[in-house]
Amino acid sequence: DDPLTGEAIEGSEGLNRLTITQQASDRLDISTGEVTVEKVSHSGGPSQERKVVPYSSVMYDPEGGTWVYTNPEPLVFERAAITVDFIDGDIAALLKGPAEGTSVVIVGSAELYGAEFGVDK
């Protein structure tokens, strides 16, 4: 059996839904966190409510785009575009991103990206 299958997400521009086996998930040691909404401030400025994700969930593509892998159901992952407002320690405050409560990959994103696009691309 193939440890990963991918299918295009209908209506998206180049996004895929990745499904992996439990064995592949165990081998990659994938861990998740979630999108939260918190009052944060940048450089001592006024606090503002922002969507926040663990910085370890943020992926950068070769063109400089920023992404997270969401985990909408067990063993299923989808890349979602984000816009980072600022980084503060281990959190990334977002201007744009998945809804509050969305599960995001915090360990294993690079491996999912490599599997999605091929390690040689």
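Please refer to the structure higher up on the page.
Residue positions are given per chain, counted from 1 along the sequence in the order it is written. Local features in a predicted model are, by the rule used here, given only for residues with pLDDT of at least 70; side-chain atom pairs are given and counted only at 80 or more, and totals for whole chains, interfaces and linings are based on all residues. Derived side-chain values reflect all non-hydrogen atoms in the structure, with water molecules and hydrogen atoms excluded from consideration.

As a further point, take the overall build of the chain. Helix numbers and strand numbers start at the N terminus; a helix is a DSSP run of H or I with at least 4 residues, a strand a run of E with at least 2. When helices and strands are tallied, the chain shows 2 helices and 11 strands. Seen in sequence order, the chain has helices and strands lined up from the N terminus as β-β-α-β-β-β-β-β-β-β-β-β-α. Relative to the 2.2 N^0.38 estimate, which gives 14 Å for 121 residues, the radius of gyration of the chain is 15 Å and therefore close to what a compact globule would have. Taking the principal axes of its C-alpha atoms as reference, the chain extends roughly 50 × 25 × 25 Å. Every one of the 121 residues in the chain was classed for burial, and the buried ones make up 37%. Here a residue-residue contact requires only that any non-hydrogen atoms of the pair lie within 4.5 Å. When contacts within the chain are restricted to residue pairs at least 6 apart in sequence, those whose partners lie at least 24 apart make up 56%. When the accessible surface of the chain is totalled, it reaches about 7100 Å², and 48% of it is carbon and sulfur. The average position of the 8 basic charges and that of the 21 acidic charges among the side chains of the chain differ by 5 Å. To get the radius of gyration, use the C-alpha atoms; to get the globule rule, take the number of residues to the power 0.38 and multiply by 2.2 Å. Only protein chains enter the accessibility calculation, which uses a 1.4 Å probe. A residue is then buried if its area is under 20% of the maximum for its type, exposed if over 50%, and partly exposed in between. Note on areas: these come from Shrake-Rupley sampling with a 1.4 Å probe, and a residue is covered only by the protein chains present in the view. As used throughout, the charge tally considers Lys and Arg to be positive and Asp and Glu to be negative, leaving His and the chain termini uncounted. Where a charge sits is defined by one atom per residue type, namely NZ (Lys), CZ (Arg), CG (Asp) or CD (Glu).

This next bit is on a nonpolar patch on the surface. To count toward a patch, a residue needs a relative accessible area above 30% and no salt bridge. Like charges then connect within 9 Å, nonpolar side chains (Val, Leu, Ile, Met, Phe, Trp, Tyr) within 5 Å. Here, a salt bridge means any Lys or Arg side-chain nitrogen found within 4 Å of an Asp or Glu carboxyl oxygen. A cluster of nonpolar side chains, namely Y55, Y60 and I87, defines an oily patch on the protein surface of about 270 Å² accessible area. Classification of Y60 as partly exposed rests on a relative accessible area of 42%.

Turning our attention to the sheet that holds strand β4 (residues 36–40). In this description, strands pair whenever DSSP reports at least two bridges between them. With respect to topology, 4 strands assemble into an open sheet ordered β4-β5-β10-β9, the strand pairing being antiparallel. The open sheet has two free edges, formed respectively by β4 and β9 (83–88), since each of these has just one partner strand. Strand-to-strand twist of the sheet, defined as the mean angle between neighbouring strand axes without regard to direction, takes the value 45 degrees. Alignment of β4 against strand β5 (residues 48–54), held across 5 bridges, turns out to be antiparallel. Among the inter-strand pairings, T36 is bridged to a residue of β5, identified as V52. Here the axes come from fitting lines to C-alpha atoms, over the contacting stretch only for helices, and the angles between their N-to-C directions go from 0 to 180 degrees.

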